[in-house]
Structures are given as structure tokens and as C-alpha cells.
Amino acid sequence: RITSITGRILYNSRGSKTIEVDVISDEKYLGRVCAPSGASVGKHEAQSFPQDKPEKSIDILQKNKKKFIGLDSSDLKTIHETLRDIDQTPNYSKIGGSLAFALTIAATESAARALETPMFQILSKDSTFRYPLPLGNILGGGAHAGPGTPDIQEILVCATGSKNIQDAIETNLSIHKEVGKILAKRDPSFTNGRGDEGGWAPKLKNDEALEISAKACEQLGFTLGKEVSLGVDFASSTQWNEKKKKYVYNRAGFENTPEEQIEFASSIIKKYKLVYAEDAVHEEAFNDMSVLTKRFPRVLITGDDLLVTNTQILKKAIKIKACNGAILKVNQAGSLYDALEFAKEANKNNVRLITSHRSGESIDSHISHIGLATKSKMLKVGIIGGERIAKLNELVRLSEYDLIRGMAEI
Ligand code: PGA
Ligand code: ZN
């Protein structure tokens, strides 16, 4: 039973204010969660804070916390419904999605502590689990890095041939390191600058960035599409100009019509044998996503801003086969309950899940458990920096449990 709840203002990895919530069960079992936040935020995501003020979420928690005292901390549905009584807006604009996020996950963690069970097992009734493949950010730009960096937000790597979680993590890290070496050699003025998620952020055009990423994999003896594969988060909504009806690549200096964007993404997918392509078109271009999904059935054509972890939007996407992969970011949905409903719908329809961090993070590692419990194929957690490594380290710790058998198959 929940015996106390405390909220406070803290700071995320970008130095912005956020909230943390403590939930204590039976006076001693602590669940503690600090809310992350995005930089390339989807139009239809839950609103992080009422009027963008974290303090308002804390005030609301203060006024309403009595309603949660005495509830069973493992009863996610009742906790969710209690939140929904307080905020009936579709996007949590009254209490803030961050509060829904932190409170529901903290309650679940507190229940896990009380039951002496790892959190992923509280969230899933399955008896065996597979590790999601870590998807690491090796190089990037866009909304996550400064001027002169590639327009493409993230070039990603995934050790698709790895046998165990340590191997998968080490392979990603070695490729990131190798990319750094190539960049330093190529440009002696390269400062080792990195974007918000730990990937390198050099002054480069998109195609040069992709070439270097592929070269790093090959130099280490990996065959692209076999032991390791590349992925791209195009985050195309950041390029989309609604007035012009074009994708504007400011840094590279060109523009794409919607048709040209499909060909642009297709040529990158083919040339670099991508296993993963996220938001290759803008967040409302469902039909264009369908074209790509049909064209590349073996590639994870994934929606992030397109779906915003929203079950209703996912249903619409499923109807027209807009994607075969879905990013799961709990704070896009709001509460953990909302996110698990989304996961259920995705799994039922063979839309493969990729549980993901946000670019502004904390050192929490609950998403590693959520990735396992939702049968996610990949875990997208950046690459280095304490707040990124924390999620990977948690996966390694969990390898001490016998319940997790091998790596997910895409
Ligand atoms: P965000 O970026 O957390 O800044 O939204 C991550 C992504 O677009 O996948
Ligand atoms: Zn994205």
C-alpha cells in the first residue's frame, strides 16, 4: 500500500528543470523516478508540464496526493484511473505528462521493491524474456547538436549479430570509438564534441556522416547488415516546412518535395543497408510512410513523432500499414499504463517495439525494464554519458537473472 508520495524539482541531462517523484509503500519501499524530456517533440505528445512549468506539476501533486495514499502500488490501472480523474484532457495538459510518467513508474518500482522482484517481472506475466538489442547513437546533428552538424538527427548502430548483451554493448561502443578516431584524423580541429545523446557532433554533411559511420564498421571487420547494422532517425518533422510543403535541409542546402523525400530516404536505406529507419517522413505523412513500409519489408520502418506512443494513432497507422516498427516513449503517452496499452496493441499487430530514452534524460534505468517487459526488439538509449550508460548497465545487471534468454530477433 502506498504510504507516502513526495515530489521535487530537479534537473535533467540538458540542465533543464524537471520533476522527480518518490512513492513509498508500507513505509519503507521506495520507488523514485525523474522525468526525461525531448528536444524534437512530436505535435501530439503528452504535454510535459502545465504551461511549461514543472513547479505547477509539483503543486498539483501536493494538492492531490491524498487520493493515492492507501492504493496498492502494484495496481497500475487504479493509479492511472485516479490520475485520469484529476486530468481528463487527452494530452495531460492539466497535470503534465511528466507527473503521470513519474508517479506511475515510481509506484511500480516501489511495488517491485516490496515484492523483492525486478520491475520487469512486475510488468509482465511472461516466464522468459529476451534482451532488446541496444540501438546506439554514433553520430548526429539536427535538434540534438549545433550549427554545421548533419541535418539528420541520428546515425545509429545495432549489433544485430550479437550473442549476448555484453557483446552487443561493447560492439556499439567500439564503433562509436572508431568513428571518433576517423573524425579526429580527418579534421585535426575536431574537438570531440558530442550531441545530447553521446553521438559525435562534427561539422559534416549528411552523406559524409553516413560514409564515415559505414567506414568505421568496416574498419573493425564488421559486414554491414550482418554482425552490425546501421540505422537512421531522420526526425523529418524538424525539416518539414508546412508552408512550402517541402523538407528543408538548411545545413546541407537542399529541399525535398514529399516524393523526393521518399526517394532520399530510400537511397540511404539501400546504400547503407539500414536495418532501421525512423521518421523518414514528417509526422503527418502516414501514406508516405506506407510507401516505405511496403518497399522495405525487412527494414524496421519506425514511427516516433508519427505515433507519439498513442494507441489511437497507432490503430490508424496499422490500418494503412504505415509502419512495421514503433518507438515506445512512456512520457510521450503520459502514464505507464497508457504506454503498456500501446505496447499491447503493437505486439498484437506485429508492429515491432523499440523502447526509447529522450534526449534530455536522468540516470534512471526503468526503461531497461520496460523494454524487457514489452518484448521490445531494440532499446534506444544513446551511447555514452552517465545517463545513457545507466540504461545499458542495468541490462548487464539483469543478466544475473536466469529469466532472460538471449537476444531479441528482429
Ligand atoms: P527527443 O529525440 O527525445 O529529443 O524527442 C529523440 C528522438 O527523436 O528519437
Ligand atoms: Zn525520433
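Going by the annotation in an unreviewed UniProt entry, the name recorded for the protein is Enolase, with Nitrosotalea sinensis given as the source organism. Listed under Function (unreviewed entry) in UniProt, the entry text for the protein is "Catalyzes the reversible conversion of 2-phosphoglycerate (2-PG) into phosphoenolpyruvate (PEP). It is essential for the degradation of carbohydrates via glycolysis." Quoted verbatim from the Catalytic activity (unreviewed entry) field of UniProt, the annotation for the protein is "(2R)-2-phosphoglycerate = phosphoenolpyruvate + H2O".

*Asks:* Is there a simple way to think about the overall build of the protein in this case?
*Replies:* Counting its secondary structure elements, the protein contains 13 helices and 16 strands. Its C-alpha radius of gyration of 20 Å places the protein within 12% of the 22 Å reference for a compact globule of 410 residues. With 410 residues in all, the protein has 59% of them scored as buried. Pairs at least 24 residues apart make up 70% of the contacts formed inside the protein by residues separated by at least 6 positions. Charge separation in the protein, taken as the distance between the mean sites of 56 positive and 52 negative side-chain charges, equals 2 Å.

*Asks:* Sorry, what's going on with the environment of Asp196 here?
*Replies:* Positionally, Asp196 belongs in the loop between helix H5 (165-186) and helix H6 (206-219). Classification of Asp196 as partly exposed rests on a relative accessible area of 24%. Through-space distance from the C-alpha of Asp196 to that of Gly140 is 9.3 Å; in sequence the pair is 56 residues apart. Beyond its immediate stretch of four places on either side in the chain, Asp196 contacts Arg14, Ala143, His144, Ser359, Glu387 and Arg388. Of the polar contacts made by the side chain of Asp196, one reaches the side chain of Arg14; its length is 2.7 Å.

*Asks:* Would you mind showing me how to read the packing of helix H7 (residues 258-271) against helix H8 (residues 286-295) here?
*Replies:* Two measures define how a pair of helices packs: the angle their axes make with one another and the distance between the axes. Axis separation between H7 and H8 bottoms out at 10 Å; the angle between their running directions is 30 degrees. Accordingly, the angle class assigned to the pair H7 and H8 is roughly parallel. H7 and H8 meet at a crossing whose hand is right-handed. Along its contact with H7, which presents Pro258, Ile262, Glu263 and Ser266, the element H8 presents Asp288, Val291, Leu292 and Arg295. Within the contact of H7 with H8, the residues separate by chemical class into four nonpolar, one polar and three charged.

*Asks:* Would you take a moment to explain the UniProt feature "domain: Enolase N-terminal" (unreviewed entry) in the protein for this structure?
*Replies:* Taking the numbering used here, the UniProt-annotated feature "domain: Enolase N-terminal" (unreviewed entry) corresponds to residues 2-123. Along residues 2-123, the helical share is 37% and the strand share 20%, with 18 Å between the first and last C-alpha atoms.

*Asks:* Just to check I follow, could you spell out the UniProt feature "active site" (unreviewed entry) in the protein for this structure?
*Replies:* In the numbering adopted here, UniProt assigns the feature "active site" (unreviewed entry) to Glu197 and Lys329. Checked against the element boundaries, Glu197 lands in the loop between H5 and H6. With a relative accessible area of 4%, Glu197 lands in the buried category. Aside from chain neighbours lying at most four places away, what touches Glu197 is Asn137, His144, Glu154, His357, Arg358, Ser359, Gly382, Ile383, Ile384 and Arg388. Looking at Glu197, its side chain comes within polar contact range of the side chain of His357, at 3.5 Å. Its location among the elements puts Lys329 in the loop between strand E13 (325-328) and helix H10 (330-333).

*Asks:* Help me understand the pairing of E13, please; the structure alone is not making it clear to me.
*Replies:* Residue alternation in E13 divides its side chains into two sets, Gly325 and Ile327 and Ala326 and Leu328, and both sets are buried. Pairing geometry for strand E12 (residues 300-303) and E13, over two bridges, is parallel. Its bridge partner being in E13, Thr302 is matched across the sheet by Gly325. In this fold, the crossover linking E12 to E13 by way of helix H9 (residues 311-319) has right-handed handedness.

*Asks:* Is there a simple way to think about the site of ligand 1 in this case?
*Replies:* Taken together, 14 residues lie around ligand 1, and Ala39, Gln153, Arg358, Ser359 and Lys380 are the ones closest in. Within the contact set of ligand 1, an oxygen atom lies 3.0 Å away from a side-chain nitrogen or oxygen of Asp304. Arg358 is positioned with one of its side-chain polar atoms (N or O) 2.8 Å from an oxygen atom of ligand 1. Partitioning the shell around ligand 1 into residue classes produces one nonpolar, five polar and eight charged.

*Asks:* Just checking my understanding: could you explain the coordination of the zinc ion (ligand 2) for this structure?
*Replies:* When four donors bind a metal tetrahedrally, each ideal donor-metal-donor angle is 109.5 degrees, and when six bind octahedrally, the ideal angles are 90 or 180 degrees. Here the zinc ion (ligand 2) is held by the protein donor atoms Asp233 (OD), Glu278 (OE) and Asp304 (OD), which lie 2.0 to 2.2 Å from it. Taken in chain order, the donor set of the zinc ion (ligand 2) reads D-x44-E-x25-D. Here Asp233 is found in strand E7 (residues 229-233), whereas its partner Asp304 is found in the loop between E12 and H9, with 71 residues between them in sequence. For Asp304, a relative accessible area of 2% corresponds to the buried category.

*Asks:* Where do I start with the sheet that holds strand E3 (residues 29-34) in this structure?
*Replies:* Whether parallel or antiparallel, the strands of a sheet pair through hydrogen bonds between backbone atoms. Spatially, three strands are ordered E1-E2-E3 in an open sheet, and the strand pairing comes out antiparallel. The sheet is open, and its two edges are formed by strand E1 (2-11) and E3, each paired on a single side. Within this sheet the neighbouring strands show an average axis-to-axis angle of 15 degrees, counted without direction. Alignment of E1 against strand E2 (residues 17-25), held across nine bridges, turns out to be antiparallel. When the sheet's bridge partners are listed, Ile9 is paired in E2 with Ile19. Relative to E1, helix H1 (residues 54-64) is tilted by about 170 degrees, and along the sheet it contacts E1 and E2.

Thresholds, definitions, all that
- Residues numbered from 1 in each chain as written.
- Chains lettered and ligands numbered in written order.
- Predicted model: local features only at pLDDT ≥ 70, side-chain atom pairs only at ≥ 80, totals over all residues.
- Heavy atoms only, no water.
- UniProt positions renumbered as here; feature names shortened; annotations may be inferred.
- Helix = DSSP H or I, 4+ residues; strand = E, 2+ residues; numbered from the N terminus.
- Rg over C-alpha atoms; globule rule 2.2 N^0.38 Å.
- Buried < 20%, exposed > 50% of the residue type's maximum accessible area, 1.4 Å probe, protein only.
- Contact = heavy atoms within 4.5 Å.
- Lys, Arg positive; Asp, Glu negative; His and termini not counted.
- Charge placed at Lys NZ, Arg CZ, Asp CG, Glu CD.
- Polar contact = N/O pair within 3.5 Å; in protein donor to acceptor, adjacent residues only side chain to side chain.
- Axes fitted to C-alpha atoms, helices over the stretch in contact; angles between N-to-C directions.
- Parallel < 35°, antiparallel > 145°, perpendicular 65-115°, else oblique.
- Left-handed = near helix turned anticlockwise from the far one by under 90°.
- Nonpolar A, V, L, I, M, F, W, Y, C, P; charged D, E, K, R; others polar.
- Pairing = 2+ DSSP bridges.
- Right-handed = clockwise from strand over helix to strand, strands pointing away.
- Near = heavy atom within 4 Å.
- Donors = N, O, S within 2.8 Å, 3.2 Å for Na, K, Ca; no water.

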